[in-house]
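Structural characterization, general
So you can see what is in the structure, the chains are spelled out below.
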Amino acid sequence: MKQPTGTAAPLIGARPRTGGLRRLLLGQAAGTACYEAHSAAGDVYLLWMEFSRFGTLWAYPCVLRERGHAPLVYRARAPEDDAGNAALLARWAALASPETFAADYRVSVLEKEAFQKIYRAYKIGEAE
């Protein structure tokens with residue numbers, strides 16, 4: 001399968017323990033895992049989701065904030081945001097390699113509501 005638009009290699013890679021009837025009824029929402037991470041040096045913040053799409057696990061980068069730079073925020077369904085989304089994905093690939101991620105970042109698992117609150121704040125420009 002071709003890599004879906006707006007995705008990156010999974011950084012955590014653990015599949016949430018949902019399956020069977022619940023997974024069938026709730027679809028991808030049942031298996032979505034939400035994360036945030038801070039670099040060990042404290043100069044990079046990442047916010048993303050991981051879930052399986054057609055049997056393959058993908059990361060969906062949402063926010064990348066580097067000290068001294070404006071945050072890069074993924075914005076879906078707006079053609080004028082394609083350049084910003086491409087910049088986010090390119091910078092993400094440079095900073096968040098699955099091979100070095102565990103040593104370079106402190107990760108927190110977020111509940112869906114907390115994740116949405118943080119992401120919404122970045123989308124409207126009210127995040128710190």
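Everything here concerns the structure above.
As a convention, each chain's residues are numbered from 1 in the sequence order in which they are written. The model is predicted, so local features are restricted to residues of pLDDT at least 70 and side-chain atom pairs to those at 80 or more, both for listing and for counting; the totals for chains, interfaces and linings are taken over all residues. Excluding hydrogens and water, the side-chain values take into account all heavy atoms of the structure.

Describing the side chain of Thr7
Numbering goes from the N terminus for both helices and strands, where a helix is a DSSP run of H or I of at least four residues and a strand is a run of E of at least two. Within the secondary structure, Thr7 sits in the segment before α1 (20-26). Between buried and exposed lies partly exposed: a residue is buried under 20% and exposed over 50% of the maximum accessible area for its type, with that area taken using a 1.4 Å probe on protein chains only. Take Thr7: its relative accessible area is 7%, and that puts it in the buried class. Pairs of N or O atoms are called polar contacts if they sit within 3.5 Å, as long as, within protein, a hydrogen donor faces a hydrogen acceptor (for residues adjacent in sequence, only side-chain-to-side-chain pairs). Only 2.6 Å separates the side chain of Thr7 from the backbone oxygen of Pro4, close enough to count as a polar contact. Throughout, a residue-residue contact means that at least one pair of heavy atoms, one from each residue, lies within 4.5 Å. For Thr7, the residues in contact, after removing those within four places along its chain, are Trp58, Ala59, Tyr60, Pro61 and Leu89.

With respect to helix α4 (residues 112-123)
Between the first and last residue of a helix there are one fewer steps than residues, each counted as 1.5 Å, and that sum is the expected span. The terminal C-alpha atoms of α4 lie 16 Å apart, and with 12 residues this matches the ideal 16 Å at 1.5 Å per residue to within 8%. Within α4, burial applies to Phe115, Tyr119 and Tyr122. Looking straight down α4, one finds that the buried residues subtend no more than 55° of arc, so they occupy a single side. Opposite the packed face of α4, turned more than 90 degrees from it, sit the exposed residues Glu113 and Lys117. Buried positions along α4 lie against β1 (33-39), β2 (44-53), β3 (56-66), β4 (72-73) and β5 (105-110). Taken from the residues just after α4, Gly125 is the one with a positive phi, measuring 80°. This arc describes the spread of directions from the helix axis toward the C-beta atoms.

So, the sheet that holds β3
Think of it this way: DSSP has to see at least two bridges between two strands before they count as a pair. The strand order across the open sheet built from five strands is β4-β3-β2-β1-β5, with neighbouring strands paired in antiparallel fashion. Edge positions in the sheet fall to β4 and β5, since each of these pairs with one other strand and no more. On the sheet, helix α2 (residues 82-95) packs against β2, β3, β4 and β5 and is oriented at approximately 100° with respect to β3. A fitted line through C-alpha atoms serves as each axis, taken over the contacting stretch for helices, and the angle formed by two N-to-C directions is quoted from 0 to 180°. Across the sheet, α4 touches β1, β2, β3, β4 and β5, and the angle it forms with β2 is around 125°.

As for the pattern of salt bridges
A side chain with one charge may pair with a side chain of the opposite charge, provided their charged atoms come close. When a carboxyl oxygen of Asp or Glu is within 4 Å of a side-chain nitrogen of Lys or Arg, the pair counts as a salt bridge. The tally for this structure, following the rule as stated, stands at one salt bridge. Of the charged contacts in the structure, one is a salt bridge between Glu66 and Arg91, with a shortest N-O distance of 2.8 Å. With a gap of 25 residues between them, Glu66 in strand β3 and Arg91 in helix α2 connect regions that are remote in the sequence. Residue classification places Arg91 among the partly exposed positions, given a relative accessible area of 31%.

A few points about the environment of Ala114
With respect to the secondary-structure elements, Ala114 resides in helix α4. Look at Ala114 and you get partly exposed, because its relative accessible area is 33%. The spatial distance from the C-alpha of Ala114 to the C-alpha of Cys34 is 9.1 Å, given a sequence separation of 80 residues.

Here we look at the packing of aromatic side chains
Here is the rule: rings of Phe, Tyr and Trp (six-membered ring for Trp) pair when centre to centre is within 6.5 Å. Planes less than 30 degrees apart are stacked, more than 60 are edge-to-face, and the remainder are tilted. Counting across every chain of the model gives seven aromatic pairs. Seen in terms of ring centroids, Phe101 and Tyr105 are 5.0 Å apart; in terms of plane orientation they differ by 20°. Their pairing is stacked. The same class applies to Phe101 and to Tyr105, which are both buried.

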